[in-house]
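Examination of the molecular architecture
The lines below spell out each chain.
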Amino acid sequence: MMTKKETYKKLKSGTDIRGVAVETADKPVELTDEAVFDLTSGFCLWLHEKGVRSGSKISVGHDSRISAERIKKQVINALLSFGFHVFDCSLASTPAMFMTTVDLGCEAAVQITASHHPFDRNGLKFFTKDGGLDGTDIEKVIDFACEYSLPADEEKGMVKEVDYMSVYSERLRDMICREVNAENYEKPLEGYKIVVDAGNGVGGFYAEKVLKPLGADINGSQFLDPDGMFPNHAPNPENEQAMKSISEAVKRNHADLGIIFDTDVDRAGCVDENGREINRNRLVALASIIALENNPGGTIVTDSVTSTGLTDFINNTLHAVHYRYRRGYRNVINRQIELNEKGINCPLAIETSGHAAFRENYYLDDGAYLITKIVIKTACMGRNGKKLETLIEEMKDPAEACELRPKILEDDFRQYGNFVLSELEKYADGREGWKIADDNREGIRVFLDNEHGDGWFLLRLSVHDPLMPLNIESDSCGGTIAIVNQVYDFLKSFDRLDVSMIGAYIESHR
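A brief report on the enclosed structure follows. If you're wondering where the values come from, they're calculated on a predicted model, not measured in any experiment.

Within this structure, the stated rule accounts for 32 salt bridges. Two residues, Lys129 and Glu107, come together in a salt bridge whose shortest N-O distance is 3.5 Å. You can see Lys129 sitting in the loop between β6 (121-128) and β7 (131-132) and its partner Glu107 sitting in the loop between α4 (94-103) and β5 (108-112), a full 22 residues away along the chain. A residue is classified by how much of its surface remains accessible, and Lys129, at 42% relative accessible area, is partly exposed. Here Glu107 falls in the partly exposed class, since its relative accessible area comes to 28%.

Extensive coverage of strand β22 (residues 455-459) is indicated by the burial of 5 of its 5 residues. Alternating positions in β22 separate into two faces, Gly455, Phe457 and Leu459 on one and Trp456 and Leu458 on the other, with burial throughout. Sheet analysis places strand β21 (residues 444-448) next to β22, joined by 5 bridges and oriented antiparallel. In the strand pairing of β22, Val446 is matched with Phe457. Connecting the antiparallel pair β21 and β22 is a turn made up of 6 residues, with Gly453 showing a positive phi of about 140°.

For Ala356, the position within the fold is in strand β16 (residues 356-358). Between the C-alpha atom of Ala356 and that of Ala287, which follows or precedes it by 69 residues, the distance is 8.1 Å. Apart from the residues within four sequence positions on either side, Ala356 is in contact with Leu348, Ala349, Ile350, Leu364, Asp365, Asp366 and Leu370.

Procedures and definitions
- The residue count restarts for each chain, going from 1 along the sequence in the order it is written.
- Local features in this predicted model are restricted to residues whose pLDDT is 70 or higher, and side-chain atom pairs enter the listing and the counts only when it is 80 or higher, whereas totals over whole chains, interfaces and linings include all residues.
- Note that water and hydrogens are dropped before the side-chain values are worked out from all heavy atoms of the structure.
- A pair is scored as a salt bridge if a Lys or Arg side-chain nitrogen falls within 4 Å of a carboxyl oxygen belonging to Asp or Glu.
- Here a strand is any run of E in DSSP of at least two residues, a helix any run of H or I of at least four, and the numbering for each starts at the N terminus.
- Only protein chains enter the accessibility calculation, which uses a 1.4 Å probe; a residue whose area is less than 20% of its type maximum is buried, one above 50% is exposed, and one in between is partly exposed.
- When DSSP finds at least two bridges between two strands, those strands are taken to pair.
- Any pair of residues with heavy atoms lying within 4.5 Å of one another is described as a contacting pair.

What follows is the structure, encoded as structure tokens:
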């Protein structure tokens, strides 16, 4: 039987707490009432250590998941027990919860969410005025959660219900009015048709409270009502079905722009008037253009799986600097902050998943803020008869791309994965037609010449799981399978790496 500490450590997911919150046939509940109370108490003690005292204001919000109310009750009970005053924001986006530390004077915030994960999952995200907690902070919270005692004579806190999403929406509306500066200042989006797909998460507010009051026609928007069972599609801009759904909605309604959010609105994607996705590398390119407008020659930090075409676009078309870094939104944001502290102009950190943090917006990964910048750009270009999609038409997309995810069968998967990577580096060095990238900051990226596949592959360790994702792109038809075959010849010699899915991929392309 696992100890409490072992149990709670399993709930750590990078910089979040995450686990099963609704019992299913094969999964018992991990985020029990006791676990939620303990972990929130651990956060309270972590705050005490940081000098945040009883009587301070802490906000609490949640996404649309069916377990949210149960978990919120325990979060609030723990906060009150430690003497904090609670602002209950109810249904709210994750970025909005951080913004309560800016607009409402809260010392900290707790968001109840599991991002895009299935209905039976939930979790906790913690914020202070300095932003979200890092992985080491979460480890400390878990340590405190395992050993604490409630204050004996602490005066209990009070709860106040707060409609912060209306305040947050007003902030975004003011931003659009100010930056578009239309002749009809209060209705800068008149004449535009914009459809929003909230995936039954929290993002419906953006259509109803931001776009519609500014004059936009939002007819055709879909899945705006919160429903924690997510009956229509996964609330995830990386999901193929979800992107197909918003693309079809744009074409069906002859919209100027389509917008899609994940469950808690810290990520987003969009679709142009032709129904073409502006997602992943194309979204990074568009966000980079916007971020660099007042930061010429600046540095854009991205995750490691971005394409060669994007690098060429940022470096040569935008005359800026593309800085690839490790996967994980906190990783790219933290590196962005570090670069700025060193005097390097870095206005944007963005993952291909849709997490985008603008320096001007507190280094906060906020899907609604990203989309607001895109809506502003759409309206400003439209005034001159230009279309948003023309901004990124010079970016070259690969002819082919794929991702395969072999599983590591070793208990100490990180050690074994690093061993595989070190062997790959030796194997690739000097191999004909292969060239190791000079900006490897996660895993090993190798470029292959025209004869050997006309593209690149990246092998890395997963951020959280015993997997070694293999990303491949080629600029030639048939190049991807040629690269897969070469990498497979190397990987199949490792007996603790399950490469069966790579073998199956090769068989399917014979």
